[in-house]
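Descriptive analysis of the structure
If you want the building blocks of each chain, they are given just below.
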Amino acid sequence: MREFGKPGFRLAHLQRDAKWIYTGFLVFVGLGLCTNGLFQLTRIGPTLHRIAVYYRGGDLGEAMTFPKTFAQLLELTHFHTFLMGVVLLILAHLVLGTAVSPRLKTSLIILAWAGSLGDIASYWLIRYVSPAFAVLQLLSWIGMWVGYGGLIVVTQRDMWFMT
C-alpha cells in the first residue's frame, strides 16, 4: 500500500504477486457486476414497465407482484450503499495508478458514482413518487455497467500490458 503514495506510482510497476492479488479482486468485482446485470435484466426486467412494476407492484401478465415495502427498500439501500461505496473506493484508487488520461479516469469514476447513486435513489423514487423514474434506473444501470466495467478494464490493461 505504501507504493500508492509514491510520486509517479503505476500499477504496471507492481511486483507480479501484487498484480495477481489485484487481478483476483477485479475478477470478483467483474463477476459481481455480471450477476448484478443478470439480476437486473432477468428478475427486474429490461423495460421501463417491468422496472416500475417490480418496485410498485402490479400485473405482469404471467404474475401479479406486490409493491416493495419500506423495509425491503431500506435493506436494499443499506446493503448497496456500503458495498458500492467500498468497491468504488478501491476501483478508483486502482485506476488512479494507471497511465490513462486524467479525463478518462475522472469520467469513469464519476460515471460509476453517478450510476450507483442514481440506482439507489431510483427505486425509492419509482416506489413512492412516480413510475416515470424507471428511466433513471435504466440509465443508472447503463452508467454503472460502463463506469465500473471501464474501471476494471482500464486497470487490468494498464497493470498487465502497459509497462
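Sequence order sets the numbering: in each chain, residues are counted from 1 along the sequence as written. Local features in this predicted model are restricted to residues whose pLDDT is 70 or higher, and side-chain atom pairs enter the listing and the counts only when it is 80 or higher, whereas totals over whole chains, interfaces and linings include all residues. Excluding hydrogens and water, the side-chain figures rest on all heavy atoms present in the structure.

**Here's the deal with the overall build of the chain**
In terms of helices and strands, the chain carries five helices and two strands. Starting at the N terminus and walking to the C terminus, you meet the elements of the chain as α-α-β-β-α-α-α. Type-normalised accessible area, obtained with a 1.4 Å probe on protein chains alone, sets the label of each residue: buried when under 20%, exposed when over 50%, and partly exposed for intermediate values. Counting the 163 residues in the chain, one finds 40% classified as buried. If you take every contact in the chain between residues at least 6 apart in sequence, the share linking residues at least 24 apart comes to 71%. Element-wise, carbon and sulfur atoms account for 72% of the exposed surface of the chain, whose accessible area totals about 9500 Å². By the criteria applied, helices consist of DSSP H or I runs no shorter than four residues and strands consist of E runs no shorter than two, each listed in order from the N terminus. A contact between two residues is defined here by any heavy atoms of the two lying within 4.5 Å. The Shrake-Rupley method, run with a 1.4 Å probe, gives the accessible areas here. Residue values count only the displayed protein chains as cover.

**Notes on the packing of aromatic side chains**
Between the rings of Phe, Tyr and Trp (Trp by its six-membered ring), a pair exists once the centres lie within 6.5 Å; its type follows the angle of the planes, with under 30 degrees stacked, over 60 edge-to-face, and the other angles tilted. Taken as a whole and assessed by the stated rule, the structure comprises seven aromatic pairs. Consider the rings of Y54 and Y55, whose centres lie 4.9 Å apart with planes at 85°: the pair is edge-to-face. Across the pair, Y55 and Y54 agree in class, each one buried. Looking at K19, its charged tip hangs above the ring of W160, at a distance of 5.4 Å from the centre. K68 extends its terminal NZ or CZ atom over the ring of Y54, reaching a point 4.2 Å from the ring centre. By definition here, charges over rings are those cases where NZ of Lys or CZ of Arg is within 6 Å of the ring centre and within 35 degrees of the ring normal.

**Some words on the confidence of the model for the chain**
As a per-residue quantity, pLDDT reports the predictor's confidence and falls between 0 and 100. The predicted model of the chain averages 93 in pLDDT, with 96% of residues at 70 or higher. Looking at the elements of the chain, mean pLDDT is at its lowest for strand β2 (residues 64-65), recorded as 88, and at its highest for helix α4 (residues 102-128), recorded as 97.

**Comments concerning helix α1 (residues 16-44)**
Since there are 3.6 residues in each turn of an α-helix, residues three or four apart along the chain are aligned in direction. Given a helix with a known number of residues, its expected span is that number minus one, times 1.5 Å. Taking 1.5 Å of rise per residue, the 29 residues of α1 would be expected to cover 42 Å, and the 40 Å separating its terminal C-alpha atoms lies within 8% of that figure. Turning to α1, its buried residues are A18, K19, Y22, T23, L26, V29, G30, L33, G37, Q40 and I44. Against α2 (48-56), α3 (70-96) and α5 (134-161) lie the buried residues of α1. Backbone geometry just after α1 places G45 at a positive phi near 125°.

**Section: the packing of α3 against α5**
To characterise two packed helices, one gives the angle between the axes of the helices and the distance between these axes. Axis geometry follows a simple rule: fit a line to the C-alpha atoms, using only the stretch in contact for helices, then measure angles between N-to-C directions, giving values from 0 to 180 degrees. At a minimum axis separation of 9 Å, α3 and α5 run at an interaxial angle of 40°. Considering the angle they form, α3 stands oblique to α5. Here α3 and α5 pass one another in a crossing that is left-handed. Together, M84, V87, L88, L91, L94 and V95 of α3 and M144, Y148, L151, I152, V154 and T155 of α5 make up the contact between the two elements. Under this grouping Gly is polar, as are all residues other than the nonpolar Ala, Val, Leu, Ile, Met, Phe, Trp, Tyr, Cys and Pro and the charged Asp, Glu, Lys and Arg. Here the contact of α3 with α5 is composed, by residue class, of 11 nonpolar, one polar and no charged. Roughly parallel refers to an angle under 35 degrees, roughly antiparallel to one over 145, roughly perpendicular to one between 65 and 115, and oblique to any angle outside these ranges. In this scheme the handedness of a crossing depends on how the near helix is turned from the far one: anticlockwise by less than a right angle means left-handed, clockwise means right-handed.

**Focus on the environment of D158**
Within the secondary structure layout, D158 lies in helix α5. Along the primary structure D158 and A12 are separated by 146 residues, whereas in three dimensions their C-alpha atoms are 6.1 Å apart. When sequence neighbours within four positions are dropped, the list of residues in contact with D158 reads R10, A12, G97, T98, A99 and V100.

**What to know about α4**
For α4, with 27 residues, the first-to-last C-alpha span of 39 Å sits near the 39 Å given by 1.5 Å per residue. Within α4, the full set of buried residues consists of K105, L108, A112, G115, S116, G118, D119, I120, S122, Y123 and I126. Elements that come into contact with the buried residues of α4 comprise α2, α3 and α5.

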